[in-house]
Amino acid sequence: MQDSEYAFCTTQGNVADYMHLNPVCFFQESEGLTLILLADVVKRENIPFDGTYKQITLTVHSSLEAVGLTAAVANKLTQYGISANVVAAYYHDHIFVPSVKATLAMKALAEFT
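- Per an unreviewed UniProt entry, the recorded name for the protein is Transporter, and the organism is Paraglaciecola agarilytica NO2.

Following this line, the structure appears as structure tokens:
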């Protein structure tokens, strides 16, 4: 689990307009630009957001073609009533869980070992 807290926010414009904020991730949707930023940055920049999240990086190297990993993690967290926002990157999957449930999420995921 990463030490920092993150926030999901949405805004208009191009990602180039926000690169100085160093987003950990961004995605252009038809409704607007979604950014995942450090919560401190979002607060400082006065960008609206709903809640803070902790990033849990799954240390297993997962193929982009792997089947079932995301479902297994989501199912485990569901058993504990924890929402999961998954970002699949090239080498690892990253799970964003509500900050207040991050410790419980780590406990739940430890059951896989």
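**Quick look at the pattern of salt bridges**
Reasoning step 1: Scanning the entire structure with this criterion turns up two salt bridges.
Reasoning step 2: Across the pair E45 and R44 runs a salt bridge whose closest N-O atoms are separated by 3.3 Å.
Reasoning step 3: Relative accessible area serves as the criterion here: at 35%, E45 is assigned to the partly exposed category.
Reasoning step 4: With a relative accessible area of 57%, R44 lands in the exposed category.
Reasoning step 5: E111 serves as the salt-bridge partner of K76, at 2.8 Å between the closest nitrogen and oxygen. A residue pair is termed long-range when its members are at least 10 positions apart, and K76 in helix α2 (residues 69–79) and E111 in the segment after α3 (102–110) qualify at 35 residues.
Reasoning step 6: Here K76 falls in the buried class, since its relative accessible area comes to 14%.
Reasoning step 7: Looking at E111, the relative accessible area reads 41%, which means it is partly exposed.

**What about the packing of α2 against α3?**
Axes are the key here: two packed helices are described by the angle between their axes and the distance separating the axes.
Reasoning step 1: The interhelical angle for the contact between α2 and α3, taken along N-to-C directions, is 120°, at an axis separation of 9 Å. Taken as axis vectors, α2 and α3 run oblique relative to one another. In the crossing of α2 with α3, the sense of the turn from one axis to the other is right-handed. Between α2, through V73, K76 and L77, and α3, the contact on the second element is made entirely by A105, A108 and L109.

**Comments concerning the packing of aromatic side chains**
Reasoning step 1: Taken as a whole and assessed by the stated rule, the structure comprises four aromatic pairs.
Reasoning step 2: Taken together, a centroid distance of 5.7 Å and an interplanar angle of 85° make the contact between Y6 and F96 edge-to-face. Residue Y6 is located in strand β1 (residues 5–11), and its partner F96 is located in strand β6 (residues 93–98); the two are separated by 90 residues in the primary sequence. The burial state of Y6 is the same as that of F96; both residues are buried.
Reasoning step 3: Ring geometry for F8 versus Y53: centroids 5.2 Å apart, planes at 75°, classification edge-to-face. Here the residue F8 occupies a position in strand β1, and Y53 occupies one in strand β4 (residues 53–57), the gap between them amounting to 45 residues.

What counts and what doesn't
Residues numbered from 1 in each chain as written. Predicted model: local features only at pLDDT ≥ 70, side-chain atom pairs only at ≥ 80, totals over all residues. Heavy atoms only, no water. Salt bridge = Lys/Arg side-chain N within 4 Å of Asp/Glu carboxyl O. Buried < 20%, exposed > 50% of the residue type's maximum accessible area, 1.4 Å probe, protein only. Helix = DSSP H or I, 4+ residues; strand = E, 2+ residues; numbered from the N terminus. Axes fitted to C-alpha atoms, helices over the stretch in contact; angles between N-to-C directions. Parallel < 35°, antiparallel > 145°, perpendicular 65-115°, else oblique. Left-handed = near helix turned anticlockwise from the far one by under 90°. Contact = heavy atoms within 4.5 Å. Phe/Tyr/Trp six-rings, centres within 6.5 Å; stacked < 30°, edge-to-face > 60°.

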